[in-house]
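Close look at the chain arrangement
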Amino acid sequence: MTGRNQYKTLDQWWKIDDEQLKTSEHDELLIWLLKKENLKKIITAKDPEAINWDWENVKIHAEEYIIAENGYRVGAPDIIFSIPRHPSNECEANPTNKNTSLSCDSDYAKQRYNSHEHYQHYSRYFIEIKPEIKNFGTTLRQLKLYISYGYEGRAYLLTEDQRFKEEFENQGIKVINPPKRQTNLEFSN
């Protein structure tokens, strides 16, 4: 068995082959998303309440593995980004609080948060990049696999192929259409 990798991730085990990882379109979108201002632009366009997230302290990770509790590698979405949770901020700590007043975003509330004290308190989201949906079922299976490991309601699909948008969104996956390309690696809305 020399030369074979006996340790496969679940997505490899299930033969969810992502050939699009090897395309220049995929690379361009991935590099573009690694810029925090671009990530913020597409997420807040899809989820307007995300404008209130602590974007200054967002962490973006490319090709980071989702690890099961038993240590098994599940797979690696293209982007995992982490949003700090502020337990000391009453508005964010209480999900039932529908208060949209300016007091939730006040300087006082921001001063009460100590980023070093709450370093481990993040909500994690993922974005899978598919320039084209070659097979709806395979793509859905891959995304649902990732979602099943703690990403319920926090999954995004970035694709120019909008044929299955309604079907993905009915399964809890937010579909984002990337901005139009102007030149290589430059995008606009």
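The coordinates are above.
Analysis parameters
- Throughout, residues of each chain are indexed from 1 in the direction in which the sequence is written.
- Totals for whole chains, interfaces and linings use every residue, but because this is a predicted model, local features are given only for residues with pLDDT of at least 70 and side-chain atom pairs only at 80 or more, for both listing and counting.
- Each side-chain value is derived from all of the structure's non-hydrogen atoms; neither hydrogens nor water enter the calculation.
- Each pair of strands is called paired provided DSSP finds at least two bridges between the two strands.
- A helix here means a DSSP run of H or I that spans at least four residues, while a strand means a run of E at least two residues long, and both kinds are numbered starting from the N terminus.
- Only C-alpha atoms enter the line fits that serve as axes; for helices the fit covers just the stretch in contact. Angles between N-to-C directions range over 0 to 180 degrees.
- Any two residues whose heavy atoms approach within 4.5 Å at even a single point are treated as in contact.
- Residue types Ala, Val, Leu, Ile, Met, Phe, Trp, Tyr and Cys, when buried and joined through side-chain atoms within 4.5 Å, form a set referred to as a nonpolar core.
- Only protein chains enter the calculation, and the probe is 1.4 Å; a residue is then buried if its accessible area is under 20% of its type maximum, exposed if over 50%, and partly exposed in between.
- Each polar contact in these results corresponds to two N or O atoms within 3.5 Å; when the atoms are within protein, one needs to be able to donate a hydrogen and the other to accept it, and residues that are neighboring in sequence are counted only if both atoms are side-chain atoms.
- The handedness rule is simple: strands pointing away from the viewer, and a clockwise path from the first strand over the helix to the second, make the crossover right-handed.

1. Comments concerning the sheet that holds strand S6 (residues 155-158)
The sheet built from 5 strands is open, its strands ordered S1-S4-S5-S6-S7 with mixed pairing. Of all the strands in the sheet, the pair left with one neighbour each is strand S1 (59-62) and strand S7 (173-176). On average, adjacent strands in this sheet sit at an angle of 25° to one another, irrespective of strand direction. Relative to strand S4 (residues 79-84), S1 runs antiparallel, the two being bridged by 4 bridges. Counted as the bridge partner of Lys59 is Ser82 from S4. Of the strands in this sheet, S1, S4, strand S5 (122-129) and S6 are in contact with helix H2 (residues 24-33), which crosses S5 at around 155°.

2. Some thoughts on the nonpolar core
By size, the foremost hydrophobic cluster in this structure holds 20 residues, and its most contacted members are Leu33, Ile43, Trp53, Phe81 and Ile127. Examining the composition of this core, we find that 4 residues originate from one element, H2, more than from any other. Apart from residues lying up to four places away in sequence, Phe81 is in contact with Leu39, Ile43, Trp53, Val58, Lys59, Ile60, Ser123, Arg124, Tyr125, Ile127 and Tyr156. Of all hydrophobic cores here, the second largest spans 17 residues; its members include Ile66, Ile80, Leu145 and Val175.

3. Section: the environment of Thr44
The residue Thr44 is located in helix H3 (residues 36-46) in this model. Residue classification places Thr44 among the buried residues on the basis of a relative accessible area of 16%. When residues no more than four places from it in sequence are discounted, the contact partners of Thr44 are Ala50, Ile51 and Trp55. Reaching out from Thr44, the side chain makes a polar contact with the backbone oxygen of Lys40 at a distance of 2.7 Å.

4. A short note on the pairing of S6
By the alternation rule, side chains of S6 split into Ala155 and Leu157 and Tyr156 and Leu158, which are all buried. Examined bridge by bridge, S5 and S6 share 4 bridges and lie parallel to one another. When the sheet's bridge partners are listed, Glu128 is paired in S6 with Leu157. One crossover worth recording links S5 to the parallel S6 by way of helix H6 (residues 136-147), and it is right-handed. As defined by bridge partners, S6 adjoins S7 across 4 bridges and the pair is classed as parallel. In the strand pairing of S7, Tyr156 is matched with Lys174. Each parallel crossover has a hand, and for S6 linked through helix H7 (residues 165-170) to S7 it is right-handed.

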